[in-house]
Amino acid sequence: MDIRKVTVLGAGQMGSGIAQTFLQSGFTVTLYDIDQEAVNRGFSAIGTALTRLVNKGRMTEEQKSLVLQNITLSTNLENASDSDLVIEAAPEKMETKKTLFKALERICMPQTIMATNTSSLSITEIAAVTNRPEQVIGMHFMNPVPVMPLVEIIRGLATSDGTADCIRTLAQALGKTPVEVRDFPGFVSNRILMPMINEAIYTVYEGVAVPEAVDQVMKLGMNHPMGPLALADFIGLDTCLAIMETLHQGFGDSKYRPCPLLRNYVKAGWLGRKTGRGFYIYEGRG
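Residues numbered from 1 in each chain as written. Predicted model: local features only at pLDDT ≥ 70, side-chain atom pairs only at ≥ 80, totals over all residues. Heavy atoms only, no water.

- The protein chain is annotated in an unreviewed UniProt entry as 3-hydroxybutyryl-CoA dehydrogenase from Paenibacillus prosopidis.
- UniProt's Pathway (unreviewed entry) comment on the protein chain is quoted here verbatim: "Lipid metabolism; butanoate metabolism."
- If you open the UniProt record of the protein chain and go to Sequence similarities (unreviewed entry), you find "Belongs to the 3-hydroxyacyl-CoA dehydrogenase family." (UniProt positions renumbered as here; feature names shortened; annotations may be inferred.)

Given below as structure tokens:
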């Protein structure tokens, strides 16, 4: 299947990053969100990122203008009707995703591939709400999307070989490296990453060390480019909690139990960079 027109559902950090990546690769993109302000913020983030590329000499102003001509902003899901591919990048809530996929089945063309950027939820369960589960697949990008080379490709039980082959080829066309993994909670990336972040939070919770010390140990001792607590703030502590809860529920193993301090921070609205406070305080945000 020749994919040229793409709709991205969700204009947050991940959705806008996915949209930017497709735009830079020459695709026509519709960026959708239920809230006009969210759509506008997503478009602004794309424009800012492209301006940064211009300032670094990696893109000309003319190229930037041409790229931005290929994006349509929308708050109407019906505008996905003529897309070859729809990628859902909504919040990490199963019911939200099921509602979207039920609607997409009605709206989209019979041949449209429906992908989800979920970082931990079951592709099989999402696909089961449609009558075409063979065309549903996980396409999990890493954050920040335009920079990170990996895309996890996750097949549900019914995902067809044709759908998987198409998405694998597409990821390569975006300059990404596709890695196929099985449909288990957290897949590979977050099944390994999130327990490490959760354990880092436990070291703060138990008074072993302050956040700065934890991050220094992992950066200087383990050669991590970013400490786990700074990374958690970057990802969003609400997202980290949602993934840990998915792992805990999915495996029923106490080793995946979210740290109480993580729960408290989320209850307080200290979600990291996006709210101006998490394990660190960020000036001019929130």
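More follows now that the structure is in view.
### Regarding the UniProt feature "site: Important for catalytic activity" (unreviewed entry) in the protein chain
- Residues given the UniProt feature "site: Important for catalytic activity" (unreviewed entry) here are His-140.
- The topology assignment puts His-140 in strand E6 (residues 136–141).
- Not counting the four nearest positions on each side in its chain, His-140 is found in contact with Thr-116, Asn-117, Thr-118, Ser-119, Leu-150, Val-151, Glu-152, Ile-154, Phe-187, Ser-189 and Asn-190. (Helix = DSSP H or I, 4+ residues; strand = E, 2+ residues; numbered from the N terminus. Contact = heavy atoms within 4.5 Å.)

### Things to note about the packing of helix H10 (residues 237–251) against helix H11 (residues 260–268)
- One way to put it is that H10 packs onto H11 with a least axis distance of 9 Å and a crossing angle of 135°. By the criterion of interaxial angle, the relationship of H10 to H11 is oblique. Here H10 and H11 pass one another in a crossing that is left-handed. Contacts between H10 and H11 involve Leu-237, Asp-238, Cys-240, Leu-241 and Glu-245 on the former and, on the latter, Leu-262, Arg-263, Tyr-265 and Val-266.
- Of the residues in the contact of H10 with H11, the class split is six nonpolar, no polar and three charged. (Axes fitted to C-alpha atoms, helices over the stretch in contact; angles between N-to-C directions. Parallel < 35°, antiparallel > 145°, perpendicular 65-115°, else oblique. Left-handed = near helix turned anticlockwise from the far one by under 90°. Nonpolar A, V, L, I, M, F, W, Y, C, P; charged D, E, K, R; others polar.)

### Observations concerning the packing of aromatic side chains
- Across all of its chains, the model carries five aromatic pairs by this definition.
- Grouped by ring-pair contacts, the aromatic residues Tyr-265, Trp-270 and Phe-279 constitute a single cluster.
- Across the ring face of Phe-27, the terminal group of Arg-4 is positioned such that the distance to the ring centre comes to 4.5 Å.
- When the ring centre of Trp-270 is taken as reference, the NZ or CZ atom of Arg-277 above it lies at 3.7 Å. (Phe/Tyr/Trp six-rings, centres within 6.5 Å; stacked < 30°, edge-to-face > 60°. Lys NZ or Arg CZ within 6 Å of the ring centre and 35° of its normal.)

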